[in-house]
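# Close look at the chain arrangement
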Amino acid sequence: MAVVDAGPALVEHAETPTARTRGRVGSLGLVLPAAVVALIALACFVGPLVLPVPPPIGGSVLESYLPAFSPGHLLGTDPNGNDILSRILSGGRSSLIVAVAVNLLGLLVGGTLGALSGFVGGVADTVIMRVLDVLIAFPSLVLTLAVAQSLGPSQTNTILALAFFSIPAFARISRAATLRLRELPFMASAVLCGTPGWRILLRHVAPNIAPQLITFGMLGMGIVIVIEGALSFLGLGIPPPAPSWGNMISQGQQSISATPMLVVWPSAVLFVTVLAFNLLGENLRARWSGR
Amino acid sequence: MTASVGAGRHRAGAGFLTSPGMRLVGKRLLLAVPIVLGVSILTFWVLNLIPGSAAQQLLGPEATPEQVRALELELGLDRPAVLRYLDWLGGAVTGDLGQSLVSRQPVTDLLGERLAVSGELAALAFLISLGLAVPTALLAAYRPNRLFDRLSMVVSITGLSVANYVLALLLVLIFAVQMAVFPAIGFVPLSQGPGANLQSMALPAVAIAFPLYCFYTRFLRGDLVDQLQGEDYVTTARAKGIGPWQVLVRHAFRNSAFGLITVVGLNLGTLIGGTVIVEQIFALPGMGQLMLQAINTRDFVVVQACVVVFAVAAVLANLLADLLYAVLDPRIRYGSR
Amino acid sequence: MSLTDDDVLAAGPGPGPSRTGPAPDGEPLLEVQDLRVRFSRAGRHVHAVNGLSYRLEPGRMLAIIGESGSGKSVSSRALMGLLPSTAAVTGSARFAGTELVGMPEAQMRRRRGADIAMVFQDPARSLNPTMRIGTQVVEAVRAHSDMDRHAARRRAVELLSLVRLPVPEQRFAEYPHQLSGGMRQRVMIAIALAGEPRLLIADEATTALDVTTQAQIMELLVELQHRLGMAVIMISHDLGLAASYAQDVLVMYAGRGVEHASAETLFAHVRMPYTRALLGAIPLLERESHALLPVVPGQPPDLSALPVGCPFAPRCEFADEECGENPPFAEQEPGHRWACWHPVPDAVADPAPRGDRS
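Since the model is a prediction, treat every value here as computed from it, not as a measurement. (Residues numbered from 1 in each chain as written. Chains lettered and ligands numbered in written order. Predicted model: local features only at pLDDT ≥ 70, side-chain atom pairs only at ≥ 80, totals over all residues.)

Before going further, it helps to spend a moment on the overall build of chain B. For chain B, the helix and strand inventory stands at 14 helices and zero strands. Counting all 337 residues of chain B, 42% fall into the buried class. By sequence separation, contacts in chain B at least 24 residues apart represent 69% of the contacts at least 6 residues apart. (Helix = DSSP H or I, 4+ residues; strand = E, 2+ residues; numbered from the N terminus. Buried ≥ 20, exposed ≤ 12 C-beta atoms within 10 Å, placed from the backbone. Contact = placed C-beta atoms within 7 Å.)

Structure below.
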């Protein structure tokens, strides 16, 4: 970025105002959601080890439907007498594992595919993009449902199915970023210097498209958590009695008029987690594109 | 070539079929065919991965291997997948989507009414979301970064973070359980009066519409502000001395609308996907419910049909957006010099 | 000598012999006094206009000349209240006696197009791509009159013929992308004329056009200026263009005026070293016998951190310690104002290339 030119450049902007960025994002906009995400992750993964919470399954029916703030059960218990807080933490663990795994897989496979497609161009590019068009032009939840059911409900299968459908989005972003990058002089000079293609991809392309992919990955975390919840909600995700946010909400739905809190607790945690990831993604994007 | 040169001269309508816009739509239509084909192949392949065979599932766990084998033969499941796919495809292009493995009814009969329910739901959700998003975005862009704008942005990011099944249950909790103004579940067909029908559709439609509303508002508001702050024609309009609302609606919105059409077209796939889970929650007899039932009974002929119908709907929506774009945007309609 | 409206009308199109030296004593159409514009963004301030003052008499054409970032465009947009909200405008600009600076938006809006109209640089981007040409002109006509649809349409066709758009009735239904650059700029001018403004600001209106079209558009502007008795401010970075068409020239540097005179006086007696550098083609003192292309050496100053004293001093060959103090922009010869401690004497400032576009 030309720091020296900034003065006149600013005035030029004023003379012929071009598309203005949405303004700078305060660091609070990043720190706050990041802290929320960290807190939730910490609670889910470390919480059950250090806090005195009962196990998430195997509760006694004698203790079912306890209200919140009952002794030993901060958020009360569900119809099977299991501790709700414990189930939320345990469910969050699997939600986060699925979301991280899916986005990591999608980012690596989709990112590589897109970068290759954009970098190599030609027929390969056309073929890859056509195939991805097939996947992207599609209500992915519908196919995910079919895939999840075909493979049988399990965490691994959920991850594989969701990762498969996250590839096109990552690939598109990666390809667009690579195409923009290809126009820049340093890429031409790298090619002219005879640097091998894989080395250019690794050394020049990868670090430059990473921010955009990671930003999208943050939004992707929210999306995957929601879809994973939907699968579990429909009974096609993590099989009960193992807890997940989705199947807790589904279970609570049966008695929503009598004990609405069974729906409210996992829903609230789901919402806060997704919101935090969305804010993180949005603000990262604004920050990276804002200057 | 002649078409694009000549197009500059004649009025709208004349030679419309050969105009650049229509040629664009034709190209997209040709692209849509392989997409739908690809989706059907993908579904077929995926459904073939099912561990327990359909016959086993249909007969229950007590069935003997002989019984299973006999049913497989009867259903033609012993034939290679490629042949079965080609058979299916041959039927599909003539409007025959096969027979349900469970009920033995023709799939097209099963789809009929359910398609209408899902279609009504999607249409309602679409109308609500777009109908509210446009005025909200216009109001927000009228005074960017002021109270209304900031408020609507908070609502949008919130709405985009609420899963539609959570929202659906929240609506049930408030409007059906607490206030009892709408039914929690169930469907009243249009034949029993539009009032009752709309009442049974209201909550599900809102549950699907709200996240879309947030998405459209956010997009349109952002694009409007970009137009207002970055485009020279806006300065020209302001320099004419016309009022700020006129600048916003007649000039900026006119241009933003094109971006919105594209986004809406791409987004209709999400809208259709959203109907699946919401139908389940509200027990609406739509496509989503049919598909979930079929998934659970391993009736993969029905699943296949549902998936393809969803795909065709998404592709058609996209195509419709392209068509609309081509009809509305003079740059495409008349080609550029 | 004084210039009356009759002289202007009699002069006819093109640069006539009626160019005179000092401005007449009558009521000025526009009087800008110590105009300042400051942009603030992310805690940084950019001083785009720093105390600009000039007068414009009715019916005359003033050229405001400067490099990009000299504040010429910003200062004229400030007159119409067209700057973004990040801009703070202070000072005074009186149009026919009415103060424009600080005027409420609603009031300013009624004056836009009716008192002052503007034509912009890039006609491809300045017209709404999704609206028919006719609609855009009609909109401008109806912004300032209660004409009904049909009357406004007739008036719009009239305007389009006035700006010499070929077959205006047919063009009426076309879209901007179907017109050439020159035709689009004619449409822009028709839009600007719709409110019968007393001042037309042409902001680099011919920069994006090829040379032939440029001349046609400039001649159209001069013709309209005379036929309609409008004043015109043409903003340009092209001194040659100014020399060919304008009656008065104001040279801006770093957001202020540095030299202002009638075109004749200015080009015959350049005083400000910056203007001379712009005119170029002058050997930089005797010792430099093989100067290359006429380029103003150095960089324009950083407007977010203006130096004390004359802003041109760092690039000026005559600069000395006296230039550490800002020179006043005063009338130092009759009808000729400049801001410099070391004005160029006539002997040095000889063969200035006169524009030869007409």
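Right, let's talk about the overall build of chain C for a bit. Of the regular secondary structure elements, chain C holds 12 helices and 12 strands. Here chain C holds 358 residues, and 51% of them are scored as buried. Summarising the internal contacts of chain C: among those between residues at least 6 apart in sequence, 69% fall at separations of at least 24.

Do not read the predicted coordinates in detail wherever pLDDT is low. All names here are of chain C. Residues with a pLDDT of 70 or more make up 85% of chain C, whose mean pLDDT is 80. Within the model, pLDDT remains below 50 along residues 281-293, and this stretch shows nine contacts once partners closer than five positions in the same chain are excluded. Across residues 349-358 the pLDDT falls below 50, and counting only partners more than four positions away or on other chains, this stretch makes 23 contacts in the model. Here the prediction assigns the complex a pTM of 0.81, and the interface score ipTM is 0.78. (pLDDT = per-residue confidence, 0-100.)

Time to look at the sheet that holds strand 1 (residues 30-41) of chain C. Residues and elements named next belong to chain C. With antiparallel pairing, four strands are arranged side by side in an open sheet as 2-1-4-5. Here the strands that pair on one side only, and so sit at the sheet edges, are strand 2 (44-56) and strand 5 (98-99). Note that strand 4 (residues 87-95) and strand 5 share two bridges and pair antiparallel. Across the sheet, Phe-95 pairs through a bridge with Thr-98, a residue of strand 5. (Pairing = 2+ DSSP bridges.)

Residues and elements named next belong to chain C. For strand 9 (residues 248-253), a buried count of six out of six residues is recorded, marking the element as mostly surrounded by other parts of the structure. With burial as the criterion, each face of strand 9 is covered, one bearing Asp-248, Leu-250 and Met-252 and the other bearing Val-249, Val-251 and Tyr-253. Pairing geometry for strand 3 (residues 61-65) and strand 9, over four bridges, is parallel. Opposite Ala-63, over in strand 9, you have Val-249 as the bridge partner. Sheet topology note: the strand 9/strand 10 (residues 256-262) ladder contains six bridges and is antiparallel. Looking across to strand 10, one finds that Leu-250 is bridged to His-260. Between strand 9 and the antiparallel strand that follows it, strand 10, lie two residues; Ala-254 among them carries a positive phi value of about 50°.

Residue and element names in this part refer to chain C. Relative to the 20 Å expected for 14 residues at 1.5 Å per residue, helix 6 (residues 149-162) spans 20 Å between its end C-alpha atoms, a close match to the ideal helical length. For helix 6, the full list of buried residues reads Ala-152, Ala-156, Leu-159 and Leu-160. Relative to the axis of helix 6, the buried residues are bounded by an arc of 95° and lie together on one face. Lining the buried residues of helix 6 we find helix 5 (133-143), helix 7 (168-171) and helix 8 (181-193). Directly after helix 6, the chain includes Arg-164, whose backbone phi takes a positive value near 65°. (Expected span 1.5 Å × (residues − 1). Arc of directions from axis to C-beta.)

For the rest of this paragraph, the subject is unusual backbone geometry. Peptide bonds are mostly trans, and most non-glycine residues show a negative phi. Residues and elements named next belong to chain C. The backbone of Asp-34 sits at a positive phi, close to 50°, despite the residue not being glycine. With respect to the helices and strands, the residue Asp-34 is situated in strand 1. Residue classification places Asp-34 among the partly exposed residues on the basis of 14 C-beta atoms within 10 Å. Within the chain, Ala-96 stands out as a residue other than glycine whose phi angle is a positive 50°. Among the structural elements, Ala-96 can be located in the loop between strand 4 and strand 5. A count of 13 C-beta atoms within 10 Å places Ala-96 in the partly exposed class.

Residue and element names in this part refer to chain A. Helix 4 (residues 84-120) packs onto helix 2 (residues 28-45) with a crossing angle of 115° between their chain directions and a minimal axis gap of 8 Å. Considering only the axes of helix 2 and helix 4, their crossing is left-handed. For the pair helix 2 and helix 4, contact is made by Ile-40, Ala-41, Ala-43, Cys-44 and Phe-45 and by Leu-89, Gly-92, Arg-93 and Leu-96, respectively. Grouping the amino acids of the contact of helix 2 with helix 4 by side-chain chemistry returns seven nonpolar, one polar and one charged. (Axes fitted to C-alpha atoms, helices over the stretch in contact; angles between N-to-C directions. Left-handed = near helix turned anticlockwise from the far one by under 90°. Nonpolar A, V, L, I, M, F, W, Y, C, P; charged D, E, K, R; others polar.)

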